[in-house]
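Survey of secondary and tertiary structure
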Amino acid sequence: MPISDKEIKLVDKMLGGDRLALARLITMVESRHPSVLEILKGINPKTGRAYTIGVTGPPGAGKSTLVNEVIQAFRKKDNKIGVIAVDPSSPFTGGAVLGDRIRMQNHTLDDNVFIRSLGSRGSHGGLSRATKEIMKLYDAFGMDYIIIETVGVGQTELDIIDLADTVLVVLVPEAGDSVQTMKAGLMEIGDIFIVNKADREGADRLSKEIQFMISLKPKEDEWKIPVVLTSAHESKGIVEVVREIERHKAFQIDGDLLKEKRVKRREEEFFEILSEIIERKISEDLRSNELRRILDLVKNGELDPYEGAELILSKILHHRQGLN
Ligand SMILES: Nc1nc2c(ncn2[C@@H]2O[C@H](COP(=O)(O)OP(=O)(O)OP(=O)(O)O)[C@@H](O)[C@H]2O)c(=O)[nH]1
Ligand SMILES: [Mg+2]
């Protein structure tokens with residue numbers, strides 16, 4: 001669908017720093033407005049600058065509290081920050097889920113911090129796609145850092161490792177089998193480990209345990225995975241966390257690792273866009289009479305779905321060739 005004048009104006013406003021325009025574009029992305037692809041195409045030249053940090057860990061580990069502190073530390077360095085709090089279990093979407101709203105409220109009056117929550121029911125077309133697209137909007141808006149907070153409970157719809165340049169895994173000194181299994185999965189993906197609630201008993205033990213698990217990992221590169229102790233609700237250890245994030249960023253830039261990640265992401269993005277365009281083209285053409293006829297034959301069982309699909313594809317390709 002071609003982009004309307006109203007939408008072009010909205011994009012221009014967003015690129016000019018208008019927060020309300022940004023909020024409205026995010027809502028359009030979440031609800032899969034028909035012009036989403038065109039909007040994203042329009043902002044694409046302005047993207048590619050932002051650095052993405054994923055924050056994951058068990059429920060209640062203190063991720064939001066920590067993110068709140070990290071935002072403050074980045075703000076002191078005059079960075080612009082966008083946050084996406086992804087909660088697959090929450091039906092809510094929009095401004096912020098209640099808990100996060102309370103914990104991150106110090107920033108709501110700050111023009112250089114933008115926080116958005118994403119629940120699964122609010123995001124048409126999947127959490128992963130919505131997150132990626134909101135990241136694009138943040139990037140074009142001029143965010144220096146994008147922080148994605150998500151609960152790490154095994155396999156989720158959203159693979160933080162595919163989206164983030166640096167993954168922070170937040171753990172807490174608590175026993176329990178479920179935490180043990182969760183830890184195993186989380187061990188794979190962390191670039192930096194945080195032992196939060198270090199004010200509690202068992203933090204040193206957990207830290208040693210993580211160090212040991214790290215030492216068992218096959219080394220993929222020269223990055224030495226750090227373990228940082230924090231007490232987020234008392235702002236302790238935050239300086240160290242930020243230092244490690246910056247160190248990991250510099251490490252990846254120096255070794256061209258960041259460039260490699262971006263190449264891979266651009267490839268994935270390209271195929272996603274390609275299939276979306278093809279899907280859209282087919283559903284548009286299915287509204288036309290000729291293709292509807294094939295669909296009806298399939299529906300009535302007169303044509304098998306495999307042949308029907310091939311026929312439709314060949315007709316679309318044929319039609320395309322005829323145009324050139
Ligand atoms: N004792 C202690 N409590 C903390 C610390 N950091 C956070 N908390 C508390 O832990 C609770 C959960 O914190 P959140 O920041 O909401 O945790 P979360 O990981 O974002 O939680 P979900 O998003 O619901 O998974 C809150 O009551 C915090 O005040 C800490 O360092 N020490
Ligand atoms: Mg949270």
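Structure: see above.
Let us look at the structure shown here. (Residues numbered from 1 in each chain as written. Chains lettered and ligands numbered in written order. Predicted model: local features only at pLDDT ≥ 70, side-chain atom pairs only at ≥ 80, totals over all residues. Heavy atoms only, no water.)

Strand pairing in a sheet relies on backbone hydrogen bonds. The paired strands run either parallel or antiparallel. The parallel open sheet is built from seven strands, whose spatial order is S3-S2-S4-S1-S5-S6-S7. The outermost strands of the open sheet, each flanked by one partner alone, are strand S3 (113–119) and strand S7 (227–229). On average, adjacent strands in this sheet sit at an angle of 20° to one another, irrespective of strand direction. Sheet topology note: the strand S5 (residues 166–171)/strand S6 (residues 192–195) ladder contains four bridges and is parallel. By the bridge assignment, Val-169 is partnered in S6 with Phe-193. (Pairing = 2+ DSSP bridges. Helix = DSSP H or I, 4+ residues; strand = E, 2+ residues; numbered from the N terminus. Axes fitted to C-alpha atoms, helices over the stretch in contact; angles between N-to-C directions.)

In this fold, Asp-162 is placed in helix H7 (residues 160–163). Asp-162 sits 99 residues away from Lys-261 along the chain, and the two C-alpha atoms are 8.8 Å apart.

Scanning the entire structure with this criterion turns up five aromatic pairs. For the pair Phe-74 and Tyr-145, a centre-to-centre distance of 4.1 Å together with 15° between the ring planes defines the contact as stacked. With Phe-74 in helix H4 (residues 63–76) and Tyr-145 in strand S4 (residues 145–151), the pair connects residues that are 71 residues apart, well separated along the chain. Comparing Phe-74 with Tyr-145, the two get one shared label, buried. Seen from their ring centres, Phe-114 and Tyr-138 are 5.9 Å apart, and the 65° between their planes marks the pair as edge-to-face. Of this pair, Phe-114 sits in strand S3 while Tyr-138 is found in helix H6 (residues 127–141), placing the two residues 24 residues apart along the sequence. On the accessibility criterion, Tyr-138 (0% relative accessible area) is buried. Through a chain of ring-to-ring contacts, the aromatic side chains of Tyr-51, Phe-74 and Tyr-145 assemble into a single cluster. The cationic tip of Lys-80 hangs over the ring face of Phe-141; the distance from NZ or CZ to the ring centre is 4.5 Å. (Phe/Tyr/Trp six-rings, centres within 6.5 Å; stacked < 30°, edge-to-face > 60°. Buried < 20%, exposed > 50% of the residue type's maximum accessible area, 1.4 Å probe, protein only. Lys NZ or Arg CZ within 6 Å of the ring centre and 35° of its normal.)

Function-wise, these values are silent; they only describe arrangement.
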